[in-house]
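Each chain, letter by letter, is given below.
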Amino acid sequence: MNATGTSPATAPSPSPELRAKRRRSALRTAAFMSPWLIGFGVFFAYPLLSTVYFSFTKYDGFRPPVPNGLENWSYVFTDYPMFWPAMRNTLWLVVVMVACRVAFGLGIGLLITKIKLGTGLFRTLFYLPYLAPPVAATLAFVFLLNPGTGPVDVLLDSVGITAPGWFTDPAWSKPALTALAVWGVGDLMVIFMAALLDVPKEQYEASELDGAGPLQRFRHITLPNISPIILFAVVTGVIQAMQFYTQPLVAGKVAAGVIGGSGQPVEPGYPDKSTLTLPQIIYNLGFQRFDYGAACVVALVLFALSMAFTALLMRRRGGLIEAGD
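Here the structure is a predicted model, which means the values were calculated and not measured.

Undergrad: How should the overall build of the protein chain be read in this particular structure?
TA: Tallying secondary structure elements over the protein chain gives 14 helices and two strands in all. Taken against the 2.2 N^0.38 rule, which gives 20 Å for 325 residues, the C-alpha radius of gyration of the protein chain at 27 Å runs more than 25% over that of a compact globule. Counting the 325 residues in the protein chain, one finds 35% classified as buried. Taking as baseline every contact in the protein chain between residues at least 6 positions apart, the subset at least 24 positions apart corresponds to 69%. Working note: accessible area of the protein chain is about 19,400 Å², and carbon and sulfur atoms make up 67% of it.

Undergrad: Whenever I open this one, the environment of P175 confuses me. Can you help?
TA: Mapped onto the elements of the fold, P175 is located in helix α7 (residues 170-183). When its relative accessible area of 28% is taken as the criterion, P175 is described as partly exposed. Separated by 78 residues in sequence, P175 and M97 place their C-alpha atoms 8.3 Å apart.

Undergrad: What should I look at first to understand the packing of helix α8 (residues 186-197) against helix α10 (residues 214-242) in this one?
TA: The relative placement of two packed helices is expressed as an angle between their axes plus a distance between the axes. Running from N to C, α8 and α10 cross one another at 150 degrees; their axes reach a closest spacing of 10 Å. As far as their axial angle goes, α10 and α8 are roughly antiparallel. Here the hand of the crossing between α8 and α10 comes out right-handed. Across the interface between the two elements, L188, I191, F192, A195 and L196 from α8 touch T222, I226, I229, I230, F232 and A233 from α10. Split into classes, the residues belonging to the contact of α8 with α10 amount to 10 nonpolar, one polar and no charged.

Undergrad: Teacher, can you tell me more about the side chain of T57 here?
TA: Relative to the helices and strands, T57 is located in strand β1 (residues 57-58). For T57, a relative accessible area of 1% translates into the label buried. Beyond its immediate sequence surroundings of up to four residues, T57 is in contact with P65, V66, P67, N68, N72 and G293.

Undergrad: Looking at this structure, how should I read the pattern of salt bridges?
TA: Side chains that differ in sign of charge can pair as their charged atoms come close. Scanning the entire structure with this criterion turns up two salt bridges. Between R63 and D60 there is a salt bridge, with its nearest N and O atoms 2.6 Å apart. On the basis of relative accessibility, which here comes to 57%, the residue R63 falls in the exposed class.

Undergrad: Just to check I follow, could you spell out a nonpolar patch on the surface for this structure?
TA: On the surface, a nonpolar cluster with roughly 680 Å² of combined accessible area is contributed by M33, W36, L37, F40, F44, F303 and M307. At the level of elements, α1 (16-54) and α13 (292-315) are the ones that each hand at least two residues to the nonpolar patch. If you tally residues by element for the nonpolar patch, the top one is α1, at five residues. For M33, a relative accessible area of 39% gives the class partly exposed.

Undergrad: I'm lost on helix α11 (residues 246-255) in this one. Help?
TA: Side chains three or four residues apart in an α-helix point the same way, a direct result of the helix having 3.6 residues per turn. Taken as a whole, α11 has its buried residues at P248, V250, A251, G252 and A255. Buried residues along α11 sit in contact with α5 (134-144), α7 and α12 (278-288). In the segment just after α11, G257 is the residue with positive phi, at about 80 degrees.

Undergrad: Looking at this structure, how should I read the side chain of T275?
TA: Here T275 shows up in the loop between α11 and α12. Judged by relative accessible area, which is 3%, T275 ranks as buried. At a separation of 2.7 Å, a polar atom in the side chain of T275 contacts the main-chain carbonyl oxygen of Y270.

Undergrad: Can you help me understand the nonpolar core in this one?
TA: Note that soluble globular proteins tend to have their nonpolar side chains buried in a common cluster. Formed by 60 residues in total, the largest nonpolar core has its most connected members in F83, V102, F167, L278, I281 and V298. Elements with a contribution of two residues or more to this core: α3 (83-114), α5, α7, α8, α10, α11, α12 and α13. Take this core: its biggest share by element is 11 residues, from α3. V298 has contacts with V76, F83, L278, I281, I282 and L285, leaving out every residue within four places of it along the chain.

Undergrad: Honestly, the packing of aromatic side chains in this entry has me stumped. Any pointers?
TA: How two aromatic rings sit relative to each other is given by the distance of their centres and the angle of their planes. All told, the structure shown has 19 aromatic pairs when counted by the stated rule. Between the aromatic rings of W166 and W172, the centroid separation amounts to 5.4 Å while the plane-to-plane angle is 70 degrees, which identifies the pairing as edge-to-face. Feature note: the residues Y53, F54, Y59, Y245, Y283, F287 and Y292 constitute an aromatic cluster, connected by ring pairs. One Lys or Arg, K114, reaches over the ring of Y204 and ends 5.8 Å from the middle of that ring. Over the ring of W92 we find K174, and its NZ or CZ is 5.9 Å from the ring centre.

Undergrad: Sorry, what's going on with a positive patch on the surface here?
TA: Taken together, the side chains of R19, K21, R23, R24 and R28 define a basic patch exposed on the protein surface. Secondary-structure assignment places R24 in helix α1.

Rules behind the numbers
Residues numbered from 1 in each chain as written. Predicted model: local features only at pLDDT ≥ 70, side-chain atom pairs only at ≥ 80, totals over all residues. Heavy atoms only, no water. Helix = DSSP H or I, 4+ residues; strand = E, 2+ residues; numbered from the N terminus. Rg over C-alpha atoms; globule rule 2.2 N^0.38 Å. Buried < 20%, exposed > 50% of the residue type's maximum accessible area, 1.4 Å probe, protein only. Contact = heavy atoms within 4.5 Å. Areas by Shrake-Rupley, 256 points an atom, 1.4 Å probe, with all protein chains shown as cover. Axes fitted to C-alpha atoms, helices over the stretch in contact; angles between N-to-C directions. Parallel < 35°, antiparallel > 145°, perpendicular 65-115°, else oblique. Left-handed = near helix turned anticlockwise from the far one by under 90°. Nonpolar A, V, L, I, M, F, W, Y, C, P; charged D, E, K, R; others polar. Salt bridge = Lys/Arg side-chain N within 4 Å of Asp/Glu carboxyl O. Patch = residues over 30% accessible without salt bridge, like charges linked within 9 Å, V, L, I, M, F, W, Y side chains within 5 Å. Polar contact = N/O pair within 3.5 Å; in protein donor to acceptor, adjacent residues only side chain to side chain. Core = buried A, V, L, I, M, F, W, Y, C linked by side-chain atoms within 4.5 Å. Phe/Tyr/Trp six-rings, centres within 6.5 Å; stacked < 30°, edge-to-face > 60°. Lys NZ or Arg CZ within 6 Å of the ring centre and 35° of its normal. Lys, Arg positive; Asp, Glu negative; His and termini not counted. Charge placed at Lys NZ, Arg CZ, Asp CG, Glu CD.

The values reported here are purely geometric and, on their own, carry no functional implication.
Quick look at the structure:
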């Protein structure tokens, strides 16, 4: 009954022609979306569901998986000695390395946009390290920071500064990896340069007329205009830090003096598990110990951490940087 006391009119059912038209429209939409749907199912949904399933099984890749409940989860969190050091190292790299890369990338981008002469040369010099293959760049960095004989240590000794152990000292291995990541910050430099050059010059001119200084212009004009780019750099940097594998593994092996060939098992993390990361122990569990169930547990933890960090950054973007809306 409605307010006037009469029964509401029953909505007429759609005609067969209208239903057929809607069905054709839905099928046409599904056909256009089918490449994405197939890719999502094959390369994301199926692997994720398989990882969840294998995390509750005993599986070595050769025999059929056997369900074992929460044994893999209990083993990883309580008995596997590499998990918590790798977790702490990964979180350290996410916080410190990402912050340093974003800060240096933005700083170099600001510097180059202010240079009047030789802009192309400086841009090329800062971008070239990013093009170096990860293994080659890591080998070069370990050589430069080699205790006693490395050029950096020799230079520091010549001015009376005792160089740290870098990749041979657990306290300095992660800062050394961060320095390696900052050295290859050319990708962020290019992105920030493009964003900085897109800031309207009229806003800078108006702020100068109002007597705003450089820091005020940077805070109230530059940051609000490039805030989406900073958020993009932070989110992608967190994802890359979560996948940090090659550089710490190569640095640890070279610093330990291990030059292993194919098939030679080497425990990662030298020195003293300070270069361990979650992707390394996924490889260690899955392809060195053939414990696919435990490796899937770590993979799910890594996936959950990546999603949590990304969701937090997307929700708190207004507190991370000043919004430009």
